[in-house]
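Residue strings, one per chain:
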Amino acid sequence: MSENGVYTHQFSEHLAQQHLTGSRCKKCGRRFFPPRIWCPDCQQNDLEASEFSGRGKLAAFTVVYVAPTAMLAAGYDRKNPYCVGVVELEEGERIPAQIFGVDVHHPETIKIGAPLKAVFVERGDGEGKKVVLGFEALE
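All values reported here derive from a predicted model rather than from experimental measurement.

## With respect to the packing of aromatic side chains
Part 1 of the argument: Applying the stated criterion to the full structure yields two aromatic pairs.
Part 2 of the argument: Note on F33 and F52: the rings are 5.4 Å apart at their centroids and 55 degrees apart in plane angle, and the pair reads as tilted. You can see F33 sitting in the loop between β2 (31–32) and β3 (47–51) and its partner F52 sitting in the loop between β3 and β4 (55–64), a full 19 residues away along the chain. Each of the two residues, F33 as well as F52, counts as buried.
Part 3 of the argument: On the numbers, 5.0 Å between centres and 55 degrees between planes, the contact of Y76 with Y82 is tilted. Y82 shares its class with Y76; the two are buried.
Part 4 of the argument: Looking at R31, its charged tip hangs above the ring of F52, at a distance of 4.5 Å from the centre.

## Comments concerning the sheet that holds strand β7 (residues 115–123)
Part 1 of the argument: If you walk around this closed barrel you meet the five strands as β4-β5-β6-β8-β7, and the pairing is mixed. With strand direction ignored, the average angle separating the axes of adjacent strands in the sheet is 50 degrees.
Part 2 of the argument: Pairing analysis gives eight bridges linking β7 to strand β8 (residues 130–137), with the strands arranged antiparallel. Bridging across to β8, E122 finds its partner in V131.

## What to know about the side chain of S23
Part 1 of the argument: For S23, the position within the fold is in strand β1 (residues 21–25).
Part 2 of the argument: At 2.9 Å, the side chain of S23 and the backbone nitrogen of R36 are in polar contact.
Part 3 of the argument: If near-sequence neighbours (up to four positions away) are discounted, S23 is found in contact with R30, R31, F32, P35, R36, L47, E48, A49, S50 and F52.

## What to know about the domain arrangement of the protein chain
Part 1 of the argument: Looking at the assigned domains, one finds that the protein chain contains domain 1 (8–51) and domain 2 (55–137).
Part 2 of the argument: One C-alpha centre belongs to domain 1, the other to domain 2; they are set 22 Å apart.
Part 3 of the argument: The contact between domain 1 and domain 2 buries some 830 Å² in all, and 71% of this surface belongs to carbon and sulfur atoms.
Part 4 of the argument: A per-residue breakdown of the area domain 1 buries against domain 2 is headed by L15, L20 and F33, which together make up 57% of the total.
Part 5 of the argument: Counting across the interface, domain 1 meets domain 2 through one salt bridge.
Part 6 of the argument: The partner of E93 in a salt bridge is R30, and the shortest N-O contact between them spans 3.2 Å.
Part 7 of the argument: Connecting domain 1 to domain 2 are one residue pair in polar contact (both at pLDDT 80 or more).
Part 8 of the argument: Where the side of domain 1 that touches domain 2 is concerned, the elements lending two or more residues are α1 (3–16) and β2.
Part 9 of the argument: Tallied by class, residues from the side of domain 1 that touches domain 2 come to six nonpolar, two polar and two charged.

## Quick look at the pattern of salt bridges
Part 1 of the argument: The full count for this structure, using the stated rule, is eight salt bridges.
Part 2 of the argument: Between D41 and R30 there is a salt bridge whose closest N-O contact spans 2.9 Å. Pair noted here: D41 is in the loop between β2 and β3 and R30 is in the loop between β1 and β2, with a separation of eleven residues, a long-range link.
Part 3 of the argument: Among the residues examined, R30 registers a relative accessible area of 32% and is labelled partly exposed.
Part 4 of the argument: In this structure, E122 engages K129 in a salt bridge whose closest nitrogen and oxygen atoms are separated by 3.0 Å.
Part 5 of the argument: Among the residues examined, E122 registers a relative accessible area of 53% and is labelled exposed.
Part 6 of the argument: K129 gets classed as partly exposed once you look at its relative accessible area, which sits at 46%.
Part 7 of the argument: Connected through salt bridges with shared partners, the residues R30, D41 and E93 form a single ionic network.

Reading the values: the criteria
- Residues numbered from 1 in each chain as written.
- Predicted model: local features only at pLDDT ≥ 70, side-chain atom pairs only at ≥ 80, totals over all residues.
- Heavy atoms only, no water.
- Phe/Tyr/Trp six-rings, centres within 6.5 Å; stacked < 30°, edge-to-face > 60°.
- Helix = DSSP H or I, 4+ residues; strand = E, 2+ residues; numbered from the N terminus.
- Buried < 20%, exposed > 50% of the residue type's maximum accessible area, 1.4 Å probe, protein only.
- Lys NZ or Arg CZ within 6 Å of the ring centre and 35° of its normal.
- Pairing = 2+ DSSP bridges.
- Axes fitted to C-alpha atoms, helices over the stretch in contact; angles between N-to-C directions.
- Polar contact = N/O pair within 3.5 Å; in protein donor to acceptor, adjacent residues only side chain to side chain.
- Contact = heavy atoms within 4.5 Å.
- Domains from an automatic or database assignment.
- Buried area = accessible area lost by both parts, 1.4 Å probe.
- Salt bridge = Lys/Arg side-chain N within 4 Å of Asp/Glu carboxyl O.
- Nonpolar A, V, L, I, M, F, W, Y, C, P; charged D, E, K, R; others polar.

Next comes the structure, spelled out in structure tokens:
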């Protein structure tokens, strides 16, 4: 397995344990989530594990009515849409994630800048079971 494959496997294990573990460059201090094996800022590959708080705010969003296969399997469709957004973590990184606890049938009520916290959602069964990262509105 490649070094990046090891990072991906470790990232999935950390999510299953409900930890947001990214990486931090030892030279320049930049933090990354999900973890990286190389820092694009200073071109170094000396990174270490770094825990993230799981708190952030909504930077952008959309409501999805035509779901891809994985989301169809999770029960989402035209009659049961879901929200996906860009979350700006307290630590500065921005990541895409499903947003829970918002009214997808009234998207005008979803507010940019709303505080969010990480949630860990189990999807699938048996060997295909995995934990995915989402965020829940605090308001």
